[in-house]
Amino acid sequence: MTEVATARRSRITPEREAELYGATLDLLREVGYEALTMDAVAARTKSSKATLYRQWGGKAELVVRAMRHFKPGGAIADVDTGSLRGDFHDLLLREDDCAMEQSSALMRALGMAIHGNPDLLQAFRELLVEPEMVEFRKVMQRAVDRGEVSADNPAADYVLHMMIGGFVARTLIDERPPTQAYLRDYIDAVVLPALGVPVP
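Residues numbered from 1 in each chain as written. Predicted model: local features only at pLDDT ≥ 70, side-chain atom pairs only at ≥ 80, totals over all residues. Heavy atoms only, no water.

**Topic: a nonpolar patch on the surface**
On the surface, a nonpolar cluster with roughly 380 Å² of combined accessible area is contributed by I164, V168, L172 and I173. The residue I164 is located in helix 9 (residues 159-174) in this model. Taking relative accessible area as the criterion, I164 reaches 39% and is therefore assigned partly exposed. (Patch = residues over 30% accessible without salt bridge, like charges linked within 9 Å, V, L, I, M, F, W, Y side chains within 5 Å. Areas by Shrake-Rupley, 256 points an atom, 1.4 Å probe, with all protein chains shown as cover. Salt bridge = Lys/Arg side-chain N within 4 Å of Asp/Glu carboxyl O. Helix = DSSP H or I, 4+ residues; strand = E, 2+ residues; numbered from the N terminus. Buried < 20%, exposed > 50% of the residue type's maximum accessible area, 1.4 Å probe, protein only.)

So this is what it looks like as structure tokens:
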């Protein structure tokens, strides 16, 4: 899917692509995934539905690529502060509280839809989850190489699960948006202790 999609999208300028992605995410926040249509994206962006299908194949890929496009910063593994705690805290600085609230709204919009739409689930896994897991494994391997985390620590395979869990649970349980301060505390109280990393 990825190679074909890349070839399809080559006819759109980066500026136009960003405009289409922005409009897609705006609509997603407004109406949710189920009510989002390619017709609505076409109307919002003054483009043809045929063009959208030619470039992205369908709604699922368009939505997930839009989310990936607006993910902050570069690759997760590019952050290397010399300590796992420093790396995790540094990653939080990529999104301010306002951006985190918007990301939380997007996750809520997709939460139920992912499990009812196989195409969306596949795109989400292939384009977002699996690449993020690869990046987190690199960060964790550096921590193992530095001697911060034991190579056989069972929690190491669940770092991304813990991070996403803390992010989503903030809204579901506390009815408040995730913030940098909350996630910093969560990392120090939950993630690092699970990995056996001392917190000063």
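**Focus: the layout of surface pockets**
Taken as a whole, the largest pocket spans an internal volume of roughly 1,100 Å³. Forming the walls of the largest pocket are 39 residues, and the residues nearest its centre are K71, P72, E95, S103 and E132. Breaking the lining of the largest pocket down by element, the ones donating at least two residues are helix 2 (14-31), helix 5 (59-69), helix 6 (84-92), helix 7 (97-116), helix 8 (118-145), helix 9 and helix 10 (180-194). No other element matches helix 8, which puts eight residues into the lining of the largest pocket. A breakdown of the residues in the lining of the largest pocket according to their chemical character gives 26 nonpolar, five polar and eight charged. Estimates place the volume of the second largest pocket at around 450 Å³. Residue lining of the second largest pocket: 18 residues in total, with M107, I114, F124, V129 and I164 positioned closest to the centre. Secondary structure elements with two or more residues in the lining of the second largest pocket: helix 7, helix 8 and helix 9. For the lining of the second largest pocket, the element with the most residues is helix 7, which contributes seven residues. Here the lining of the second largest pocket is composed, by residue class, of eleven nonpolar, five polar and two charged. (1 Å grid on protein atoms, 1.4 Å probe; cavity = no way out; pocket = protein on both sides within 12 Å on 5 of 7 lines; lining within 4 Å. Points joined across faces, edges and corners; volume = space filled by probe spheres on them. Nonpolar A, V, L, I, M, F, W, Y, C, P; charged D, E, K, R; others polar.)

**Section: the nonpolar core**
Across soluble globular proteins, you tend to see nonpolar side chains buried next to one another. Counting residues in hydrophobic clusters, the biggest one holds 30 residues, and the most contacted among them are L28, Y33, L110, L120 and F124. Looking at this core, the elements with two or more residues in it are helix 2, helix 3 (38-45), helix 4 (49-56), helix 5, helix 7 and helix 8. The residues touching L120, leaving out its near neighbours within four places in the chain, are Y33, A60, V64, L110, A113 and I114. Grouped together as the second largest cluster of nonpolar side chains are 27 residues, F88, L91, A155 and V159 included. (Core = buried A, V, L, I, M, F, W, Y, C linked by side-chain atoms within 4.5 Å. Contact = heavy atoms within 4.5 Å.)

**Observations concerning helix 10**
Relative to the 21 Å expected for 15 residues at 1.5 Å per residue, helix 10 spans 20 Å between its end C-alpha atoms, a close match to the ideal helical length. Looking at the buried side of helix 10, the elements it contacts are helix 6, helix 7 and helix 9. One or two positions beyond helix 10, positive phi appears at G196, with a value near 80°. (Expected span 1.5 Å × (residues − 1).)

**As for unusual backbone geometry**
Positive phi values are uncommon outside glycine, yet K46 reaches one of about 55°. Note on placement: K46 falls in the loop between helix 3 and helix 4. For E175, which is not glycine, the phi dihedral falls at a positive 55°. With respect to the helices and strands, the residue E175 is situated in the loop between helix 9 and helix 10. Among the residues examined, E175 registers a relative accessible area of 70% and is labelled exposed.

The values are spatial; any link to function lies outside them.
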